[in-house]
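# A closer look at the structure
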Amino acid sequence: MSLSLIAAPALAFAPAAAFAVKTAPSADLNVRMETIADLKKLALEANPIVGYWDPMNLVEYDQWSQGEEATVGFLRQAEIKHGRVAMAAFVGYIVQANGIHFPWGLTGDVSYADISAAGAPPDQWDALPSASKLQILGFIGGLEIISESAYILSLSGEKHYMRGGKPGFFPKLNTWMPHPVPLEFWDPFGFTAKMSPEKKAKGLVAELNNGRLAQLGIMAFMAEAKVPGSVPALTGIIKPYSGECMAPFSAVDAGLPYVKEMLAAGGF
């Protein structure tokens, strides 16, 4: 999958700033564990026609023997996160497929125009230098660590999603970073601060639905690219891709550890 990721603004160094030890709030956090009944209610709010649909009975699978409510929290977090990634991927795919790119250089020898000329968005990912791929994957890994840290979450007044925290919540950066951060990663301009609880709840349902549609959309793009004609509505619109869309590395990255072995194993 080819994702068009934009790095956050560069952070200014804080001159002569003393490192302060941040401590979690002493007040009790608002813990609210969701149940299967809550999932069924949410399903009707999101889509009254389809309603609650869990053909694989995922909610009945006890994730790591943590109980029903923790399992529901895990599934809710996973769907919200995948929906957000899919929305970014869907928009990124359209942007890249139309040849839109930054006008400057990516490295000393490679420009964004060179990457854009490589072909379809998956081909553009394959054409990226190994260092660029590692930087993107490292950035994503950093976001994962931040969002999973119970300590960092507690500094924003939240708990882990499997311990009663709000699924999809991303903690603030200024509560734990050792230097000032000009903009938060989530809602940097504070648009949701003055929204009523009712409007926020409605927006979360809309986000859930948009995420579900985006997951279908990006998978349709990838299916048509890999198997031309598999999505008739996109035939002739999506450029074919001959590589392996599920492999993060290609022959370009043969210098990285284990990539040669991966390629030699076949299927890539």
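Residues numbered from 1 in each chain as written. Predicted model: local features only at pLDDT ≥ 70, side-chain atom pairs only at ≥ 80, totals over all residues. Heavy atoms only, no water.

What follows is about the environment of T107. Positionally, T107 belongs in the loop between α2 (68-97) and α3 (112-116). Sequence separation between T107 and P129 is 22 residues, and the spatial gap between their C-alpha atoms is 8.7 Å. (Helix = DSSP H or I, 4+ residues; strand = E, 2+ residues; numbered from the N terminus.)

Looking now at the nonpolar core. Of all hydrophobic cores here, the largest spans 14 residues; its most connected members are Y93, I218, F221, A225, L234 and I238. In this structure, L143, F170, L173 and V181 belong to the second largest nonpolar core, which totals seven residues. (Core = buried A, V, L, I, M, F, W, Y, C linked by side-chain atoms within 4.5 Å. Buried < 20%, exposed > 50% of the residue type's maximum accessible area, 1.4 Å probe, protein only.)

Moving on, we come to the confidence of the model for the protein. Summary statistics for the protein give a mean pLDDT of 87 and a share of 87% for residues scoring 70 or more. Here residues 1-21 is modelled with pLDDT under 50, and outside its nearest four sequence neighbours on either side it reaches 26 contacts, counting other chains as well. (pLDDT = per-residue confidence, 0-100. Contact = heavy atoms within 4.5 Å.)

What follows concerns α2. Because an α-helix packs 3.6 residues into every turn, residues spaced three or four apart end up facing the same way. Taking 1.5 Å per residue, 30 residues should reach 44 Å; α2 reaches 42 Å between its end C-alpha atoms and fits that length. Phi turns positive one or two residues past the end of α2, at G99, with a value near 75 degrees. (Expected span 1.5 Å × (residues − 1).)

This next bit is on the pattern of salt bridges. Enumeration over the complete set of coordinates arrives at six salt bridges. Residues K81 and E148 are paired through a salt bridge, measuring 4.0 Å at the closest nitrogen-oxygen approach. Note that K81 is positioned in helix α2 and E148 in helix α5 (residues 130-148), a separation of 67 residues in sequence. Residue E148 is classed as partly exposed on the basis of its relative accessible area, which comes to 29%. Two residues, R84 and E207, come together in a salt bridge whose shortest N-O distance is 2.6 Å. Within this pair, whereas R84 is found in helix α2, its partner E207 is found in helix α7 (residues 197-226), the two being separated by 123 residues in sequence. Judged by relative accessible area, R84 falls into the partly exposed class, the value being 29%. Connected through salt bridges with shared partners, the residues K81, E144 and E148 form a single ionic network. (Salt bridge = Lys/Arg side-chain N within 4 Å of Asp/Glu carboxyl O.)

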